[in-house]
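Results of the structural survey
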Amino acid sequence: MQDFKRIVLKLSGEALSGKAGFGFDDEVIDNICTNIKTLSLRGIEVAIVVGGGNFWRGRSGTNIDRASSDNIGMLGTVMNGLRIQGTLEEMGLDTRLMTAISMTEVAEPYIRRRAIRHLEKGRIVIFSAGTGLPYFSTDTTASLRALEIGADVILLGKTGTDGIYDKDPNVYDDAVKFDKLTYKEILQRQLKIMDTTATSLCMDNDMPLIVFNIDDPSNMVKVFEDQDLGTRVKESF
Ligand code: UDP
């Protein structure tokens, strides 16, 4: 088992919606939460950043200004956060849902020191509402929160791919998967794995990333044991 004490797990909204691609898939969410439980019971401090693409993506809004559209997207991530929290609590885990947009009736406001304290006490912390700012993404949120809380690594769960390829493996038969890659290479090759804000934030602050296939949620546990699974990204190797 690789020695990671504190991790940020980035779950896209899409990962929660299964084949439907919209809303919640109960079975899929159960499976994801079961594996989060495994990580937590192994003593790893788990913080989760949830996306919202299973409900709304700001950039796909029409007849609405971008900032308002992004606010809708961020509210979608709170719904996902509540859903994951509910299942984790049903499984007997202690959790805290935090939001970057204040809504104290449903979740705690994001306060960095409190988040760290929760993790130290073994609680699973779920970060929702992204950064609280329009024009950003939940990938950027994952990078930012990972740095803020001093995480050892970001686990980026992807649907439909088992790592980073030199070109789209669903289009090109000769696409080659990278086992290791630097952030600089991602930017130079313009690989669309995270947005450039998230990528450069990780690069500039030396935050390691593991990209893995969340279609099989047990991969979030296996990546710690099997170095060949997924793609590992660092500032340098
Ligand atoms: N969003 C935002 N600021 C943030 C994070 C998210 O405005 O800091 C909005 C944005 O509209 C985005 C939506 O929330 O499209 C859902 O997040 P994202 O697309 O990152 O979710 P994912 O693709 O991971 O499901």
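Thresholds, definitions, all that
- Sequence order as written defines residue numbering, which begins from 1 separately in each chain.
- Reporting of local features is limited, given that this is a predicted model, to residues whose pLDDT is at least 70; pairs of side-chain atoms are given and counted only at 80 or more, and all residues count toward the totals for whole chains, interfaces and linings.
- No hydrogens and no water enter the side-chain calculation; it runs on all heavy atoms of the structure.
- UniProt positions are given in the numbering used here, feature names are shortened, and annotations may be inferred rather than shown by experiment.
- Here, a salt bridge means any Lys or Arg side-chain nitrogen found within 4 Å of an Asp or Glu carboxyl oxygen.
- Put simply, DSSP H or I for four residues or longer makes a helix, DSSP E for two residues or longer makes a strand, and each gets a number counted from the N terminus.
- Any residue under 20% of the maximum accessible area for its type is buried, any over 50% is exposed, and the rest in between are partly exposed; the area is computed with a 1.4 Å probe on protein chains only.
- Side-chain atoms alone can form a polar contact between residues adjacent in sequence; in general such a contact is a pair of N or O atoms within 3.5 Å, and within protein one must be able to donate a hydrogen while the other accepts it.
- By convention in these notes, a residue is near a molecule or strand provided one of its non-hydrogen atoms lies within 4 Å of it.
- Under the convention used here, a 1.4 Å probe and the Shrake-Rupley method define accessible areas, while residue burial counts only the protein chains that appear.
- Ten residue types, Ala, Val, Leu, Ile, Met, Phe, Trp, Tyr, Cys and Pro, are classed as nonpolar, four, Asp, Glu, Lys and Arg, as charged, and the remainder, Gly among them, as polar.

In the nomenclature of an unreviewed UniProt entry, the chain corresponds to Uridylate kinase from the organism Anaerococcus kampingae. UniProt lists a comment for the chain under the heading Catalytic activity (unreviewed entry), and it reads "UMP + ATP = UDP + ADP". The heading Subunit (unreviewed entry) in the UniProt record of the chain holds the text "Homohexamer."

Attention shifts here to the pattern of salt bridges. Within this structure, the stated rule accounts for 15 salt bridges. The residue Asp 139 makes a salt bridge to Lys 10 at a minimum N-O spacing of 2.8 Å. Of this pair, Asp 139 sits in helix α5 (residues 138-148) while Lys 10 is found in strand β1 (residues 6-11), placing the two residues 129 residues apart along the sequence. For Arg 96, the salt bridge goes to Asp 94, with nearest N and O atoms at 3.5 Å. By relative accessible area, Arg 96 is classed as partly exposed at 23%. By sharing partners, the salt bridges in this structure join Asp 94, Arg 96, Glu 108, Arg 114 and Arg 123 into a single network.

Moving on, we get to the UniProt feature "binding site: ATP" (unreviewed entry) in the chain. When the UniProt feature table is mapped to this numbering, "binding site: ATP" (unreviewed entry) covers Lys 10, Leu 11, Ser 12, Gly 13, Gly 53, Arg 57, Tyr 165 and Asp 168. Their sequence span is 159 residues, while the largest C-alpha to C-alpha distance among them is 24.5 Å; these annotated residues do not converge on one region. Assignment of secondary structure puts Gly 53 in the loop between β2 (45-50) and α3 (66-90). Mapped onto the elements of the fold, Asp 168 is located in the loop between β7 (164-165) and β8 (177-178). Among the polar contacts listed, one links the side chain of Asp 168 to the backbone nitrogen of Asn 170, at a separation of 2.9 Å.

This part takes up the site of the ligand. Among the 21 residues in the neighbourhood of the ligand, the closest are listed as Gly 13, Asp 70, Thr 131, Leu 133 and Thr 138. One of the backbone N or O atoms of Gly 58 is found 2.8 Å from an oxygen atom in the ligand. Between Leu 133 and the ligand, the recorded distance is 2.6 Å, taken from a backbone N or O atom to a nitrogen atom. For the ligand, whose unbound accessible area comes to 520 Å², protein coverage reaches 94%. Residues that form the shell around the ligand fall into these classes: six nonpolar, 12 polar and three charged.

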